[in-house]
Every structure is written in C-alpha cells, then in structure tokens.
Amino acid sequence: MPLIAKVATSVSKTAAALSRAAGRGDGSVIGGWIGLKIDPDLLAHLAAGRAVALVSGTNGKTTTTRLTAAAVGVLGRVATNSFGANMPTGHTSALAKEGHTPFAVLEVDEHYLAQVIDQTRPKVVALLNLSRDQLDRAKEVAMMAQLWKTTLAGHPDIRVVANADDPMVVWAAASSPQTTWFSAGQRWHDDSFVCPESGHPIERSGGDWWCTGCPLRRPRPQWVVEDEGVIDPRGDWHLVKLQLPGRVNIGNAATALAVAAEFGVRPIEALPRLSRVASIAGRYAQVDRDGRNIRLLLAKNPASWLEAFDMADQAPTLLSINARDPDGLDTSWLYDVDFSPLRDRPVLITGDRAFDLAVRLQVNHVPFRHVNSFDEALRSVPPGRLEVIANYTAFQDIRAELDRVN
Ligand SMILES: [Zn+2]
C-alpha cells in the first residue's frame, strides 16, 4: 500500500476506536469518513489483493452478507461490514479494521453499487431484489434497475449471482456474460407488474413469470429453495438448518451458498457455519424477560413487512413505527402493506407514529391496542412468545431497552 493509504488506515482505525470508546456506536462511519478524507482512494487500496464479494438489493442484504461471510470463512479470514454500515465509509472502515484478509464480503447500499464496484473490483456481485423503499429518498425501482444494468454492462468480468424470481433483477443482470441464477421466491410483486424492457404486463403462474410483449422471462435457476433445503447446480438437495426464522432466510442461505460456491466452497462445508448464525445486529434476537420470550424482527419497507408476517409465530405481536430521518419521513407506505395476516392474534402498537398505524389497521380491520412503552407492552401480554416487528429507529429503541441485544 502507498504510504498515504497506510497513514489513512491507521487514523481511520483510531477514530473508529475512539468513537466506540465514547459510546457512539461502532465507529465505522466516522472511521471510514476520516480515512477517505486523507486518502480518497483508500477503499481501492484496502480492497486490492482481496477476493471480494458484494451483496446488494432492497431487502435481506445484511442477513445475506452475514451468511455469505460465514460460508466463505471456510477458506480463510473474511473482512465484512457486519453492522450494516453499507456505504463506502462503512466498507473502508471494515477493511481497515480487519487488517489484511484474503477475502471480503461487503453489504452495499443499492445506490452505491456502481461506485463500490469501481473501487473494490469484486470477483462476485450478488443481486437480491428491488422493491420500493423509503419514499422520500429512494430512487424509483426502475431507475435503480437501470443503474445496475449499466454498471454491470461495463464489468463483464464480474460473476453475477442473481435472483431469478425478481423481474427487475433479471433484467438488470441478464446481459452479464457470467450469471448464476438462484430462486429464493418473491412474496412482493407490486414493483414488477410491468416489464422494465418493453412496458408490457408481466404474467405469473406458480413460481414462473414472463413478459407478454418481449422475450424477458424467468431464467432457469441453478440454486433452488425446496422444502427446508436448497438444491445445488448438480441437483443435490441439502437440508438447511438455521437459527434464523422463515423461508425468507432459507432463500438468503441459498444465496450465500451460491456466492460461496463462486469461491470454491461446497455447500456441505458451508452449511454447519450457516447454522451457527443466531442473530444479526439484533435482528431475529430472542430475549427472555419476565417470563416472556421476545423476538425482534426488523421491517423497513412494504416487502419486508410481508416477510416479517411470514416469519412471526401466531403469538401476541407488538408493532412499532417511527418516522425519523433513517426511517423516511413519509408513512404513506403503511397503505402498501396488507396487515390482514395479523387479524387472528393480539396486536399492540407503539412508536412515534403509532397513530398513523392505528388508522391503517382500522381500515384493514385488524383489532389492536395502543401502549405507551415497551414495558407496558410486556405487561399486557401473557407469559410466552411476544413477537416484535419494528421499523429502523423503532427497532433500535427497543433493542436499547433490551440492553443493546445482538
Ligand atoms: Zn417485456
């Protein structure tokens, strides 16, 4: 590494450590920011010499990154941004902190994929899905897909691992010469009714889909979720035992196995490591308190709310909604989510914007009760499971109440 990069790395690590010591989070954003101020090419310098995989998409990228890092770990040490700091400052900080590692697996905010590809020269890019996100900030889904498509067209050397079930992802990845397709299912279809190529309606039947006006259609996937396991490209089925709930996470595991396979890791080697991942920065964490078993599920946008309903047990469920800056200030997305799967269980609501949620639940005929605090919610439910589904800052508030559970 050039001297300037060595200095920048050292200062970056120190700043991150100071920030952690001051109790200001994990320090990865400030550490990366300072490092990049000193050496604007620091990310490229730190990535050089490592085999890099990038993971991007609207939902599931933090979990998939964690599972992929675990799987690639079969081969050696892996640097990864496990706290979800998924912009270049976070990548820089993660690589600086770990020192030299042969591998890196990085979660990338979908808006930054082009920039991070240019700087890290990845061997593999995994594309999970594209759906509507924070309304006041995110790009239109079709614009995001176009950005990915243009970026990948300029990098034919990259191996792409992409979701065959999402038409927007398929369209973005289809022109890459080295694409491996996985099928992890897609519960949310509202952002892919129309073909991004021709504007014609997309039809669906079973798991298949095709455009009614042009050749775009679902490619045949090499990695497929089936029952509680995954079929690999040779046709062998592997049981996937996870501590993480839901079919969504078996899909995330399939993606991790497909990415790791690009590095030469076999499923049979990776699977025991996947089964040891219990929670990711509080997501899926289970905490016992006052006889209640509390499970934390994070849901940030309409597609991830649907997935959370699928993961949650038939048990009392606390929903918490905020609309602070990291959440997006506009709560009209609540009307994109069908809350009716919650009708048959006791529902409690809280958070800064609980009353926006209250109106939505009333329209959706879901009975609920408002509580003023997490403690009040705990006292309101009988001993046993309490599912908690919250959006970003609401999730962090509840996590803090539970002593920053990981
Ligand atoms: Zn079409």
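Notes on the structure in this doc start here. Predicted model only: the values in this text are computed from it and were never measured.

**Describing the pattern of salt bridges**
Point 1. In total, this model carries 17 salt bridges according to the counting rule given.
Point 2. Of the charged contacts in the structure, one is a salt bridge between Arg 234 and Asp 236, with a shortest N-O distance of 3.8 Å.
Point 3. Given a relative accessible area of 73%, Arg 234 falls into the exposed group.
Point 4. For Asp 236, a relative accessible area of 34% corresponds to the partly exposed category.
Point 5. Across the pair Asp 397 and Arg 324 runs a salt bridge whose closest N-O atoms are separated by 3.0 Å. Of the two residues, Asp 397 sits in helix H14 (residues 392-401) while Arg 324 sits in the loop between strand S14 (317-320) and strand S15 (347-350), which places them 73 residues apart along the sequence.
Point 6. The partly exposed category is assigned to Asp 397, whose relative accessible area is 35%.
Point 7. The exposure class of Arg 324 is partly exposed, given its relative accessible area of 32%.
Point 8. Three or more residues are tied together by salt bridges with common partners; here these are Arg 295, Asp 313, Arg 385 and Glu 387.

**A few points about the coordination of the zinc ion**
Point 1. Within the protein, the zinc ion binds to Cys 195 (SG), Ser 198 (OG), Cys 211 (SG) and Cys 214 (SG); these donor distances fall in the range 2.2 Å.
Point 2. Geometry at the zinc ion is tetrahedral, judged from the four donor atoms that bind it and their angles of 97 to 116° at the metal.
Point 3. Mapped onto the sequence, the residues coordinating the zinc ion show the spacing C-x2-S-x12-C-x2-C.

**Notes on the nonpolar core**
Point 1. One finds Leu 274, Trp 305, Leu 319, Phe 339 and Ile 389 to be the most contacted residues of the largest nonpolar core, which totals 60 residues.
Point 2. The element that contributes the greatest number of residues to this core is helix H9 (residues 246-262), accounting for nine residues.
Point 3. If we ignore the near neighbours within four places in the chain, the residues touching Leu 319 are Trp 305, Phe 339, Leu 342, Val 347, Leu 348, Ile 349, Thr 350, Leu 357, Leu 361 and Ile 389.

**Re the packing of aromatic side chains**
Point 1. Counted by the stated rule, this structure contains five aromatic pairs.
Point 2. Ring centres of Trp 305 and Phe 309 lie 6.0 Å apart, and the angle between their planes is 65°; on these two criteria the pair is classed as edge-to-face. One end of the pair is Trp 305 and the other is Phe 309, both in helix H11 (residues 302-311) and four residues apart, which spans about a single turn.
Point 3. Cluster of aromatic residues (ring-pair linked, three or more members): Trp 305, Phe 309, Trp 333 and Phe 339.
Point 4. When the ring centre of Phe 263 is taken as origin, the NZ or CZ atom of Lys 123, which lies over that ring, is 5.9 Å away.

**Quick look at the sheet that holds strand S17 (residues 384-390)**
Point 1. Spatial strand order, S12-S13-S17-S14-S15-S16: six strands in an open sheet with mixed pairing. Edge positions in the open sheet fall to strand S12 (286-289) and strand S16 (369-370), since each of these has one partner strand only.
Point 2. Pairing analysis gives four bridges linking S14 to S15, with the strands arranged parallel. Considered in S15, the bridge of Leu 318 is made with Leu 348.

How each quantity is defined
- Residues numbered from 1 in each chain as written.
- Predicted model: local features only at pLDDT ≥ 70, side-chain atom pairs only at ≥ 80, totals over all residues.
- Heavy atoms only, no water.
- Salt bridge = Lys/Arg side-chain N within 4 Å of Asp/Glu carboxyl O.
- Buried < 20%, exposed > 50% of the residue type's maximum accessible area, 1.4 Å probe, protein only.
- Helix = DSSP H or I, 4+ residues; strand = E, 2+ residues; numbered from the N terminus.
- Donors = N, O, S within 2.8 Å, 3.2 Å for Na, K, Ca; no water.
- Tetrahedral: all angles 85-135°; square planar, octahedral: opposite > 155°, others 65-115°.
- Core = buried A, V, L, I, M, F, W, Y, C linked by side-chain atoms within 4.5 Å.
- Contact = heavy atoms within 4.5 Å.
- Phe/Tyr/Trp six-rings, centres within 6.5 Å; stacked < 30°, edge-to-face > 60°.
- Lys NZ or Arg CZ within 6 Å of the ring centre and 35° of its normal.
- Pairing = 2+ DSSP bridges.

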